[in-house]
Amino acid sequence: MSLSRTAVLRALTLLALGALASRGWAAELKGKVTAVGMRSAENIAVFIDSVPGKTFAPPAQHVTVDQLHLAFAPHIVVIQQGTTVEFKNDDNVGHNVYWPAIHHDKKLAHNMGTWPQGLSKPFTFTEIGDVPLPCNVHPEMSGIIFGVPTPYFAVTDKDGNFVIKDVPPGQYTLKTGSENGKPASQSVTVAGAPVNVALTVTK
Ligand SMILES: [Cu+2]
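In this report, we go over the structure that sits alongside the text. (Residues numbered from 1 in each chain as written. Predicted model: local features only at pLDDT ≥ 70, side-chain atom pairs only at ≥ 80, totals over all residues. Heavy atoms only, no water.)

Turning our eyes to something else, we now look at the sheet that holds strand 9 (residues 120-124). Taken in spatial order, the four strands of this open sheet run 4-3-6-9, and their pairing is mixed. Looking at strand neighbours, the two that pair on one side only are strand 4 (71-73) and strand 9, the edges of this open sheet. Mean inter-strand twist for the sheet, computed between neighbouring axes without regard to direction, equals 25°. In this sheet, strand 9 lies alongside strand 6 (residues 84-89) in antiparallel orientation, the contact comprising five bridges. Bridge pairing in strand 9 links F87 to K121. (Pairing = 2+ DSSP bridges. Helix = DSSP H or I, 4+ residues; strand = E, 2+ residues; numbered from the N terminus. Axes fitted to C-alpha atoms, helices over the stretch in contact; angles between N-to-C directions.)

What follows is the structure, encoded as C-alpha cells:
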C-alpha cells in the first residue's frame, strides 16, 4: 500500500470518528409521571418542547382518530404540529366532530360537521396545544388531541410510565399536557445513554 493511500485511509477514519463523536447517539428517554389529586396518571402527554437549532417538517403520515362504540379511539392523541388527523366514523350512527377552542383560543373553534359510518374527514392541525373533542350528538363522548412542537413525545400508560425513543443528545425541557392536571415541566439531559425521569402532575 502506498503512503498516500494509507494517509487517505487514516484521514477518512478520523473523519468518521469525528462525525460519530459530534453527533453522538440517540437514546431512550423514559420515566414515570406521578399524579397528585387526579384519578390516575394515565393518558398524560409528555413531550420535549424544543430541540435548539432544529425545526421539524410536518409529518407526511396521517393520524387516525376513530369514533367507535360511542367513544373516541384512542381517547387521547398526541401529534406533532402540522399533522393531518383523519377523523373516522366506525359506528352505524352519525357522529359530529368539533372543537370549541385550541389551547383555550376560541377563535380557533371549528365544526367539522357530522358524517356517517365508514367515512373519514381530514384536518391539519398547525397550532400547538390541546384540542378538546366533544361530540354534539353524544354529550357523553369526549376525546382530546395535543399538538406538540417536536416529534419527541409519548402518552403515559395506566401506571404513568412513558417512553420517548431516539432522542438526540442535548439538554431539553420535558413538558406535560393532560385533561385535568396543570402543565408540569422538568429539565433533562440526554447524553447517549437511556435516561430515567420522574415528573409530578398536580390537579
Ligand atoms: Cu357521537
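Back to the text.
What follows concerns the sheet that holds strand 1 (residues 27-36). One open sheet accounts for three strands, arranged 13-1-16; its pairing is mixed. Only two strands of the sheet have a single neighbouring strand rather than two, namely strand 13 (161-167) and strand 16 (195-202). Neighbour to neighbour, the strand axes of the sheet diverge by 25° on average, direction disregarded. With five bridges connecting them, strand 1 and strand 13 associate as antiparallel partners. The residue bridging K32 from the neighbouring strand is N161, located in strand 13.

Before going further, it helps to spend a moment on the layout of surface pockets. By volume, the largest pocket is sized at about 410 Å³. Around the largest pocket sit 24 residues that line it, and H103, D130, F146, G177 and S178 are the ones nearest its centre. Of all the secondary structure elements, the ones that give two or more residues to the lining of the largest pocket are strand 10 (129-134), strand 11 (142-148) and strand 14 (170-177). Considering every element that reaches the lining of the largest pocket, the biggest residue donor is strand 11, with six residues. Considered as a void within the structure, the second largest pocket measures approximately 250 Å³ in volume. Partitioning the lining of the second largest pocket into residue classes produces two nonpolar, five polar and four charged. (1 Å grid on protein atoms, 1.4 Å probe; cavity = no way out; pocket = protein on both sides within 12 Å on 5 of 7 lines; lining within 4 Å. Points joined across faces, edges and corners; volume = space filled by probe spheres on them. Nonpolar A, V, L, I, M, F, W, Y, C, P; charged D, E, K, R; others polar.)

Looking at soluble globular proteins, one finds that nonpolar side chains tend to be buried together. Counting 22 residues, the largest nonpolar core has L29, I48, F162, I164, V167 and L174 as the members making the most contacts within it. Counting residues per element, the ones that place at least two in this core are strand 1, strand 2 (45-48), strand 13, strand 14, strand 15 (185-190) and strand 16. Not counting residues up to four positions away in its chain, the partners in contact with I164 are A27, E28, L29, V46, Y152, F153, A154 and L174. Ranked by size, the runner-up nonpolar core spans 17 residues in total, among them M112, V131, C135 and M141. (Core = buried A, V, L, I, M, F, W, Y, C linked by side-chain atoms within 4.5 Å. Buried < 20%, exposed > 50% of the residue type's maximum accessible area, 1.4 Å probe, protein only. Contact = heavy atoms within 4.5 Å.)

What follows deals with the coordination of the copper ion. The expected angle between donors at a tetrahedral four-coordinate metal is 109.5 degrees. At an octahedral six-coordinate metal it is 90 or 180 degrees. Looking at the copper ion, the protein donor atoms are H95 (ND1), C135 (SG), H138 (ND1) and M141 (SD), and they sit 2.0 to 2.6 Å from it. In this structure, the copper ion is surrounded by four donor atoms whose angles at the metal cover 94 to 131°, and the resulting shape is tetrahedral. Sequence spacing among the residues donating to the copper ion works out to H-x39-C-x2-H-x2-M. Of this pair, H95 sits in strand 7 (residues 95-99) while C135 is found in the loop between strand 10 and strand 11, placing the two residues 40 residues apart along the sequence. Look at C135 and you get buried, because its relative accessible area is 3%. (Donors = N, O, S within 2.8 Å, 3.2 Å for Na, K, Ca; no water. Tetrahedral: all angles 85-135°; square planar, octahedral: opposite > 155°, others 65-115°.)

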